[in-house]
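# Fold and geometry: a report
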Amino acid sequence: MAEGTRSLRGGSPASSPVLGGRGRSAVAAAAVAAAVAVGGSSSSSPPGHGFRRVTLTKPTFCHYCTDFIWGLAGYQCEVCNFMSHEKCLKNVKIPCSCIAPSLVRVPVAHCFGPPGHYKRKFCTVCRKSLESSAFRCEVCELHVHTDCILFACSDCRQCHQDGHQDHDTYHHHWREGNLSSSARCEVCKKTCGSSEVLSGMRCEWCGILAHAACYIIVTPECTFGRLRNMILPPSCVQLFSRNFSKLHCFRISENLQTESDEDDDVDGSTQGSAKDVQISTDSSKQTLKIFDGNDAVKRNQFRLISVPRIAKNEEVVEAALRAYYINDDQQEYELQTFTQQALLSDDVINRNDAAEDSNLGSVFRESVPEAWIIRAKPKDEEVIRIYPAWLKVGMAYVSLRVNKDSTTQTVIKEVLPLLGRQMECLQNFKLVEVLMGSKQVQRMVLDNQELILNRLKDIRKTSIRQMNQTRFYIVENSKSIVRVNLFVGGLPPQLSPEEYTNILKDELAIKTNVVSVSHVYQAQGAVVLEISCFSEAERIYMLVKDTTVNDKPLNAVVIPEVMASKIPRNCCPLLVFVNPKSGGLKGRDLLYSFRKLLNPHQVFELTNGGPLPGFHTFSKVPSFRVLVCGGDGTVGWVLGALEEIRHKLVCSEPSVAILPLGTGNDLGRVLRWGAGYSGEDPYSILVSVDEADDVLMDRWTILLDAEEPAEGAENGVAEPEPPKIVQMNNYCGLGIDAELSLDFHHAREEEPGKFNSRFHNKGVYVKVGLQKISHTRNLHRDIKLQVDQHEVELPSIEGLIFINIPSWGSGADLWGSESDNRFEKPRIDDGLLEVVGVTGVVHMGQVQGGFRSGIRIAQGSYFRVTLLKPIPVQVDGEPWIQAPGRIIISAAGPKATSGNM
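### Topic: unusual backbone geometry
Even without a glycine there, the phi angle at phenylalanine 224 is positive, about 70°. Relative to the assigned elements, phenylalanine 224 resides in the loop between β9 (209-210) and β10 (237-238). Residue aspartate 876 is not a glycine yet carries a positive backbone phi of 55°. You can see aspartate 876 is positioned in the loop between β41 (871-875) and β42 (878-882). Judged by relative accessible area, aspartate 876 falls into the buried class, the value being 6%.

What follows is the structure, encoded as structure tokens:
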């Protein structure tokens, strides 16, 4: 063999005997499994790779040691593009992409977000740089090209139990590559990251880093690392997720998905061909379209390969298999035309240079790729793997030889003795076919009389790629109870459970024999449905999206069940709420980061159902903390929801930490969380939350009682607005302060896309303030103030502000630091509010500049304000026009417990 085509090929573990896999991490067991299958020595044969000596034409780095490859020659895997020094070949432990699906312990589909551009990242499948649009999993660190997504194996983190598994011990979940260049190995303490190639390993639970050569000696059990006390253990979470996509399970907004992501097989081949293979202009080369089965033909999805014009059939078949990441023997496959006629000639190319001149024409037309289908040759018998699913038998799988007479029942009969279950009744078991797609793991129970070889033939005819991602499980029949919990919000408030049931019957046609209302939140107009049928749960979920009640759209959220009894005693899981619209849209990146660092089931997006689904999920957790990522309005929203359902929580007073994403962030400043998020490492933020001390903070209830009807009533006859109650944490403003907030609010509603930075938002505040600089309202003539049952005479002011914290208007001290014998020194937990006046926009600007303070008016615990005319009012940054009437401010029950840096 010529030196330029020298190759080293590791075999496939397809015919491996029984493999013991207990107590190993997924990828570590994978690498060892592959090595044992190909020859018995884990240090001699690279697992699944087909290395070929290649001539290097540009600077290249080794994927094993990350060092530069000196000289003009290196070794490259023909399937996954793994590049290596010759000296490193014997040490390669990372399995090839072609055998990765067969090495997954528990198949878990990925949760892909929208395609995007990710700098300095590498594709997990083809190992090449992500220079164009690519996908990333919203739950783990997997990145993949749009055309490689079909070949990514379903090895995402297992974040919950689905009713079958029963694991109390968790192993490291290793993911290769995309580490920072400064990453250091936990074993040898040397640098293990690289910005040049896909290298290094990282556990996606505890974050431990290691070299590819070092991670296999790391203790397999994962303790969840530094954040162990904050992570909700997967063994404590149960979710019956069949029929629901991963986006639904983790409550990820579907509006993230682009139109090009509607189908699992988008750009599976046509775009993929453009990345690796260009239509050759070399007269000695030809480009072919290769379909892998009937499904690809129907969808017109193909892969392109480039082969010499004079090449044998076996060479073309081998190239086609490599394009589909299949490392089987090419003798077991053949190429067929669309007429299903197999090619019989040994030479696919040019037929001795005579075909171009014949009437039949050349197989390869000039500049137009010819299309072929790669098929598996029929077999009279073959060896298949049977996985024991969640039976505790101490082995990964057993291999079984089947023939044309083998049925599902005979397979079960032969497998049970190999698993030590020979005394069991056959009727207690079933054989399940599992397709491990990258986006969805599909399961199908096989009929007892189904012929196994015929089933394999049908799968291969549909797609040989799908055959490579299909495995068979023997599963014990169990009477597991299906219980899907669906949160439905947007219903009319203050109704009885029977009335809510009737509304759901009328609008959603729910089946009461499989659907019941398990929880009712009357004040919020929400219910939790318990559904014992997968198809009914899916139907209701999809129907809710298009349903309105009283002109208000309903919303539905799939929520998991937290088994509080399994939570470790020293674990205080963190419940995270993120407002993705806050902080210049930084909330979206924080959602992704927190889902990776924690269990995604403890991270809730506030635009998808609000805070109530999160509090309901944690309602039985004996001790937990809350992290709110958003502005002061978002914090008030979450604290208000907590106040309303506090009596339904086992942990009725959880500590609340704040990651300030808004414009002012006054509460975050007071609690020392900073003036605003500016891109700090999310991991360090979680560590700070874990180390934060608890402090108490007063919260206040504001009763708004309008005495006159709202404006715009028909025929001038209408009832006054009913009394409304709102919660206050920071401050409540009347007059010019609220008027500026209202103008800002209207400007943001008109052009929301422009309000994506803190700097721009403050600029708008300045603009609306300048427009009001000469405005005179004489607020002191339009309102009356009573503090602790005593009338208070107001000075000449344009704005009246009640402050609970020593920060207002992005950090200004409105009360001032001067001592005053008339008042006590303000504290956030003293049970008192301070009342301050401002004389206008200029005065407000001077306060924010630190040149003046407000006019101190009063200090007390009970306030009654009488409005003589409509006046702008704002509470924690949320403004509106309040009709004439009364406003009563009083303490709101228990003090809020907040995390203080």
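### Regarding the packing of helix α11 (residues 587-597) against helix α15 (residues 682-691)
Running from N to C, α11 and α15 point in directions that differ by 65°, and their axes come no closer than 10 Å. Judged by the angle between their axes, α11 and α15 are roughly perpendicular. Of the two possible hands of crossing, α11 and α15 adopt the one that is right-handed. Contacts from Leu590, Ser593, Phe594 and Leu597 in α11 reach Pro682, Tyr683 and Leu686 in α15. In terms of residue class, the contact of α11 with α15 is made up of six nonpolar, one polar and no charged.

### Thoughts on the sheet that holds strand β43 (residues 885-891)
Spatially, the six strands line up as an open sheet ordered β33-β32-β43-β40-β35-β36, and their pairing is antiparallel. Here the strands that pair on one side only, and so sit at the sheet edges, are β33 (724-728) and β36 (790-792). With direction set aside, neighbouring strand axes in the sheet form an average angle of 20°. As paired elements, strand β40 (residues 862-867) and β43 share six bridges and run antiparallel to each other. Each residue of the ladder has a partner; that of valine 865, found in β43, is isoleucine 887.

### As for the environment of aspartate 589
Tracing the sequence through the fold places aspartate 589 in helix α11. A relative accessible area of 48% means that aspartate 589 is categorised as partly exposed.

### Observations regarding the packing of aromatic side chains
Overall, the coordinates contain 17 aromatic pairs when judged by the stated rule. Seen from their ring centres, phenylalanine 151 and tyrosine 325 are 5.1 Å apart, and the 45° between their planes marks the pair as tilted. One end of the pair, phenylalanine 151, is in the loop between β6 (143-145) and β7 (174-176); the other, tyrosine 325, is in the loop between α5 (313-323) and β13 (333-336), with 174 residues separating them in the sequence. A residue is classified by how much of its surface remains accessible, and phenylalanine 151, at 7% relative accessible area, is buried. What makes tyrosine 325 buried here is its relative accessible area of 4%. Ring plane angle 45° and centroid distance 6.2 Å describe the contact between phenylalanine 577 and phenylalanine 604, whose orientation is recorded as tilted. Placement of phenylalanine 577 in strand β27 (residues 574-578) and of phenylalanine 604 in strand β28 (residues 603-605) is noted, with a sequence separation of 27 residues between them. Each residue in the set Phe61, Phe68 and Trp70 is aromatic and connected to the rest through ring pairs, giving one cluster. Its end group placed over the ring of tryptophan 880, lysine 724 keeps NZ or CZ at 4.8 Å from the ring centre.

### Some details on the environment of isoleucine 503
Structurally, the position occupied by isoleucine 503 is in helix α9 (residues 497-508). It is 9.6 Å that separates the C-alpha atoms of isoleucine 503 and proline 492, two residues lying 11 residues apart in sequence. Other than its neighbours up to four places away in sequence, isoleucine 503 contacts Leu491, Pro492, Leu495, Leu508 and Val549.

### Notes on the pattern of salt bridges
Following the criterion strictly, the structure yields 31 salt bridges and no others. Across the pair glutamate 433 and arginine 455 runs a salt bridge, and its minimum N-O distance is 2.6 Å. Of the two residues, glutamate 433 sits in strand β17 (residues 429-436) while arginine 455 sits in helix α7 (residues 452-462), which places them 22 residues apart along the sequence. When the shortest N-O distance is used, the salt bridge between arginine 646 and glutamate 643 registers 2.9 Å. For the pair shown, arginine 646 and glutamate 643 are each scored as buried.

### Considering a nonpolar patch on the surface
Residues Val187, Ile216 and Ile217 make up a contiguous nonpolar surface patch of about 240 Å² in total accessible area. Relative to the helices and strands, isoleucine 217 resides in the loop between β9 and β10. Given a relative accessible area of 60%, isoleucine 217 falls into the exposed group.

### A few points about the pairing of strand β39 (residues 855-860)
Among the six residues in β39, five count as buried, and that is most of the element. Pairing analysis gives five bridges linking strand β38 (residues 833-838) to β39, with the strands arranged antiparallel. Within the sheet, the bridge partner assigned to valine 835 lies in β39 and is alanine 858.

What counts as what
- Starting afresh in each chain, residues are numbered from 1 along the sequence in its written order.
- In keeping with the predicted nature of the model, local features appear solely for residues at pLDDT of at least 70, side-chain atom pairs appear and are counted solely at 80 or more, and the whole-chain, interface and lining totals rest on all residues.
- For the side-chain quantities, the full set of heavy atoms in the structure was used; hydrogens and water were omitted.
- Helical segments are the DSSP runs of H or I of at least four residues, strand segments are the runs of E of at least two, and each set is numbered from the N terminus.
- Accessible area is worked out with a 1.4 Å probe on protein chains only. A residue is then buried under 20% of its type maximum, exposed over 50%, and partly exposed in between.
- Note on geometry: axes are C-alpha line fits, over the in-contact stretch for helices, and angles between N-to-C directions span 0 to 180 degrees.
- Note that the term roughly parallel is reserved for angles under 35 degrees, roughly antiparallel for angles over 145, roughly perpendicular for angles of 65 to 115, and oblique for everything else.
- Crossing handedness: left-handed means the near helix sits turned counterclockwise from the far one by under a right angle, and right-handed means the same turn made clockwise.
- Contacts are residue-level and defined by heavy atoms, with any inter-residue pair within 4.5 Å sufficient.
- In this count, Pro and Cys sit with the nonpolar residues alongside Ala, Val, Leu, Ile, Met, Phe, Trp and Tyr, while Asp, Glu, Lys and Arg are called charged and the others, Gly among them, polar.
- Strands were regarded as paired on the criterion that DSSP finds at least two bridges between them.
- Aromatic rings from Phe, Tyr and Trp, with only the six-membered ring used for Trp, were paired whenever their centres fell within 6.5 Å, and each pair was classed as stacked if the ring planes differed by under 30 degrees, edge-to-face if by over 60, and tilted otherwise.
- Any Lys NZ or Arg CZ that is within 6 Å of a ring centre and within 35 degrees of that ring's normal is treated as a charge sitting over the ring.
- A carboxyl oxygen of Asp or Glu within 4 Å of a side-chain nitrogen of Lys or Arg is what we treat as a salt bridge.
- Patch building starts from residues that exceed 30% relative accessible area and form no salt bridge, then joins like charges within 9 Å and nonpolar side chains (Val, Leu, Ile, Met, Phe, Trp, Tyr) within 5 Å.
- A 1.4 Å probe and the Shrake-Rupley method give the accessible areas. Residues count as covered only by the protein chains that appear here.

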